[in-house]
Amino acid sequence: MTAPRIVWFRRDLRLSDQPALCAAAAQSGPVIPVYVLDDETPGDRRMGGASRWWLHHSLDSLNRSLGRHRSRLVLRRGDAAKEIAKLMRETGACEVHAIRHYEPWWRKAQGRLAKEVELILHDGNYLLPPGTVTTGSGDPYKIYTPFAKSARQCLPARHVLDEPSLTNPDEWPHSDTLEDWGLLPTKPDWAGGFGKAWDVGETAAHERLDDFADVVAEYDSDRNMPSVDGSSRLSPHLHFGEISVTQVSDRLARHTGQGADTFRGELLWRDYAQNVICQFPDYPSKSYRDYDDTLWRNPDRGHLIAEDLRAWQQGRTGYPIVDAGMRQLWATGWMHNRVRMMAASFLVKHLLIDWRHGERWFWDTLVDADYGSNGVNWQWVSGTGVDSNMFPRIMAPLSQSEKFDAGDYIREWVPELAELSDAQIHDPDDGHRPPQYPHRLIGHKEARERALAAYREMKAAQ
Ligand code: FAD
C-alpha cells in the first residue's frame, strides 16, 4: 500500500479550505491527521487557560467531523517536532503536510522538523501570506494603513477549497484521549459561562458567519457600540482556524457598502499583526519605541501595583465600562473591541502599569488570545509599538462610555449598577454609587496628570 501522509493540525482545525489536508488527500495514499499538544516548544508562551478550554472543544469537534470520513484525529503530547518525527517512523509515513505558522516557536519547530523529515508547508490561515505584502523597495510594512492599502490590491489571493475525501490507514497509530490532557478547568470550574457564550467548531463558525452576514451592513456603526451585538464574534473561530479568513472574505464578497468594507479592513488587521511578528518576533514582550521602563510604576522601585492590577483583573476599578469589560472577559473569554481598548488604556495610562502585565492577563483569559493580534493591539494602545497611538493621548473612559451608549452593557456585566439610570450609570461616583460598588481607584483628572507627568519625566531623562 502507498505510504501514508501526515497532516499536522495546529491553529487550522477545519476540514474545508484546509490546503494541507487537501494536498495530502490529493495523493493516492492514506492520510493520518494529528494534533500535538506542545507545552514545551512555546516556552513561557504555553497556551493560556481560556484557550485550552476552546482547544478541547475544537479538537473534539474536528475529530467528530473526521468521523464522517471514518477517519480520526491522532492526539500526541510533547515536543511537536519530535512527536511528528516519531509518528513518521511508527507509521512509515513519507511526508508531512501542514499550514505554515508564524509564531516564533512554530517557525523554529518547522525548521527543526524540516531537517528530519519531508515537511511540506502551505499558506492558508491569512488573506495573504505574511511577509509578501511589501513596499515599492521590497521591505515589509511597519504601519497598518499603507499595509492595508497595498494588501487590498492583491486580494483575493486564492480560492476556497472544498473538503476533500480521505483514504484511511489499515491500522491507526496510538492516540491519547482528550480527557488525558485535562484541558478543561475543574477545581474551580471557572468556564461555566463559556459554554453558554460559545458553540465551538467548524459548523458553529459557519453558522456564526451566516448570522453576521445578515447584519454586516450595519457593522460600521454598530461595531463600536458595546450594548449592540454588532461585530462578528468570529475571533476565536479564526484564531483556531475553524474557519479560514478566505472563507469569511469570500462569503461576504458580494456585500458592498461601508459596513462590509470596514469589516474587510478589520480582517486585514489580523494579517497585519502576523506581518509585525514576522519582522519583530518578540513584539508581544518588547516595546518598540524609545520608551523606557521607568515610565511604569514598578514594584522594584517601591511602587505598590499588585492591588491595582488585581482590581483591574477582577473588574473592581470603580470605572463601570472598564469593570464591565473585565467581567465579560472573565465570564466568557471575550471582550468587545472598543471596551478592550478602554480597559487596556486604563491599565496602562490611568494605573500606569506596564502593558506587558495586561498582555499576559489577556493571553491567559481570552479564548481568541493570539500572539500577534494581542501584542500588536497592546502596543498600539500603550503607544509603545511601531504603529501606535501616542502615549499622551489618554482615553477618557467615563465620557467614552456615554458616547458609545454602553448603559445596557454595563447593566449586564455589573449588576450592582443595574438600577441606575442612563444618565447616572457611566459615572456612579458622581453621587449615585451603590455601597456595594467600589470607589474609583483614582480620579480621571488625577490619573491623566500623573501619566503625563511620568511621560514628561521619562522623556526628560532620556
Ligand atoms: P470583528 O469586529 O467582527 O472583526 C472581525 C475579525 O477581524 C476578528 O474576529 C479578528 O480576527 C479581526 N480583527 C478585528 N479587529 C482586529 C484588531 N484590532 N487586531 C487584529 N485583528 C482584528 N484580537 C484577537 O483576535 N486576538 C487577541 O488576542 C486580541 N487581543 C487584543 C488586545 C487588545 C488590547 C485590543 C484592543 C484588541 C485585541 N484584539 C485581539 C482585537 C479585537 O479586539 C478582536 O479581534 C475583536 O474584538 C474580536 O471580535 P470580533 O470577532 O467580533 O471582531
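All values derive from a computational prediction rather than experimental measurement.

K.L.:
Before we go on, may I ask you to explain the site of the ligand in this structure?
P.N.:
Close to the ligand lie 27 residues, the nearest being Tyr219, Ser231, Ser232, Arg233 and Asn337. Interatomic distance of 2.6 Å between a backbone N/O atom of Arg233 and an oxygen atom of the ligand. In the model, an oxygen atom of the ligand is placed 3.0 Å from a nitrogen or oxygen of the Leu234 main chain. In a pocket analysis with a 2 Å cut-off to the grid points, the ligand is assigned to the largest pocket. Those elements that provide at least two residues to the shell around the ligand are α10 (235–239), α12 (258–279), α15 (337–350) and α17 (371–382). Ranked by residue count, the leading element in the shell around the ligand is α12, at five residues. Split by residue class, the shell around the ligand holds 14 nonpolar, seven polar and six charged. Two domains each provide a minimum of three residues to the shell around the ligand, namely domain 2 (126–156 + 201–279) and domain 3 (293–456).

K.L.:
Is there a simple way to explain the sheet that holds strand β5 (residues 119–122) in this structure?
P.N.:
Strands in a sheet are paired, the pairing made by backbone hydrogen bonds, and the direction either parallel or antiparallel. Read across the open sheet, the five strands follow the order β3-β2-β1-β4-β5; overall the sheet is parallel. Each having just a single partner strand, β3 (74–77) and β5 make up the two edges of the open sheet. For this sheet, the mean angle separating the axes of adjacent strands, direction not counted, is 30 degrees. Sheet analysis places strand β2 (residues 31–37) next to β3, joined by four bridges and oriented parallel. Directly across from Val36, in β3, lies its bridge partner Arg76. Contacting β1 (5–9), β2 and β3, helix α2 (residues 49–67) crosses the sheet at an angle of about 170 degrees to β2.

K.L.:
Quick question: what am I supposed to make of empty space enclosed by the protein here?
P.N.:
If a probe the size of a water molecule is rolled over the atoms, the empty space left behind becomes visible. Applying the stated criterion across every chain, the model contains two cavities of 30 Å³ or more. Lining the largest cavity we find 21 residues, and of these Arg11, Tyr35, Met47, Trp105 and Trp106 sit closest to its centre. Among the elements of the structure, β2 and α4 (104–116) are those that each provide at least two residues to the lining of the largest cavity. Broken down by element, the lining of the largest cavity gets its largest block of residues, three residues, from β2.

K.L.:
Would you mind showing me how to read the side chain of Glu95 here?
P.N.:
Considering the arrangement of structural elements, one finds Glu95 in strand β4 (residues 95–99). Glu95 gets classed as buried once you look at its relative accessible area, which sits at 13%. Within the local environment of Glu95, its side chain forms a polar contact with the side chain of Arg5, the two groups lying 2.7 Å apart. Within the structure, Glu95 has its side chain in polar contact with the side chain of His97 (distance 2.9 Å). Leaving out residues up to four positions away in the same chain, Glu95 has contacts with Pro4, Arg5, Ile6, Gln27, Met88, Glu118 and Ile120.

K.L.:
Before we go on, may I ask you to explain the domain arrangement of the protein chain in this structure?
P.N.:
Where interface size is quoted, it is often the accessible area lost as the parts come together. Entries for the protein chain in the domain assignment read domain 1 (1–125), domain 2 (126–156 + 201–279) and domain 3 (293–456). Just the C-alpha atoms count here: the centres of domain 1 and domain 2 sit 25 Å apart. Contacts between the two partners involve 18 residues from domain 1 and, on the opposite side, 21 residues from domain 2. In this assembly, domain 1 packs against domain 2 so that about 1800 Å² is buried in total across both faces, 52% of it on carbon and sulfur atoms.

K.L.:
Got a minute to help me understand helix α16 (residues 355–365) in this structure?
P.N.:
It helps to recall that an α-helix has 3.6 residues per turn; residues three or four apart then point in one direction. By the criterion of burial, α16 is predominantly enclosed, with eight of the eleven residues buried. Taken together, the buried positions of α16 are occupied by Trp355, Arg356, Gly358, Glu359, Trp361, Phe362, Trp363 and Thr365. Along its buried surface, α16 packs onto α2, α4, α13 (306–314), α14 (320–332), α15 and α17.

K.L.:
Help me out: how do you make sense of the packing of aromatic side chains in this one?
P.N.:
We describe a pair of aromatic rings using the distance from one ring centre to the other and the angle between the two ring planes. According to the stated counting rule, one finds 31 aromatic pairs in the structure shown. Ring centres of Trp269 and Tyr272 lie 5.4 Å apart, and the angle between their planes is 90 degrees; on these two criteria the pair is classed as edge-to-face. On the criterion of helical spacing, the pair formed by Trp269 and Tyr272 is a turn pair, its members being three residues apart in helix α12. A relative accessible area of 22% means that Trp269 is categorised as partly exposed. A relative accessible area of 1% means that Tyr272 is categorised as buried. Relative to Tyr288, the ring of Phe280 has its centre 4.7 Å away and its plane inclined at 45 degrees; by these criteria the two rings are tilted.

K.L.:
Teacher, can you tell me more about the environment of Met88 here?
P.N.:
Along the chain, the position of Met88 falls in helix α3 (residues 80–91). Taking the relative accessible area as the measure of exposure, Met88 reaches 8% and is therefore buried. Placed 53 residues apart in sequence, Met88 and Tyr35 show a C-alpha to C-alpha distance of 13 Å. With sequence-adjacent residues up to four places away left out, Met88 is seen in contact with Ile6, Ala93, Cys94, Glu95, Val96 and Val117.

Thresholds, definitions, all that
- Residues numbered from 1 in each chain as written.
- Predicted model: local features only at pLDDT ≥ 70, side-chain atom pairs only at ≥ 80, totals over all residues.
- Heavy atoms only, no water.
- Near = heavy atom within 4 Å.
- Polar contact = N/O pair within 3.5 Å; in protein donor to acceptor, adjacent residues only side chain to side chain.
- 1 Å grid on protein atoms, 1.4 Å probe; cavity = no way out; pocket = protein on both sides within 12 Å on 5 of 7 lines; lining within 4 Å.
- Sits in = over half its atoms within 2 Å of the grid points.
- Helix = DSSP H or I, 4+ residues; strand = E, 2+ residues; numbered from the N terminus.
- Nonpolar A, V, L, I, M, F, W, Y, C, P; charged D, E, K, R; others polar.
- Domains from an automatic or database assignment.
- Pairing = 2+ DSSP bridges.
- Axes fitted to C-alpha atoms, helices over the stretch in contact; angles between N-to-C directions.
- Contact = heavy atoms within 4.5 Å.
- Points joined across faces, edges and corners; volume = space filled by probe spheres on them.
- Buried < 20%, exposed > 50% of the residue type's maximum accessible area, 1.4 Å probe, protein only.
- Buried area = accessible area lost by both parts, 1.4 Å probe.
- Phe/Tyr/Trp six-rings, centres within 6.5 Å; stacked < 30°, edge-to-face > 60°.

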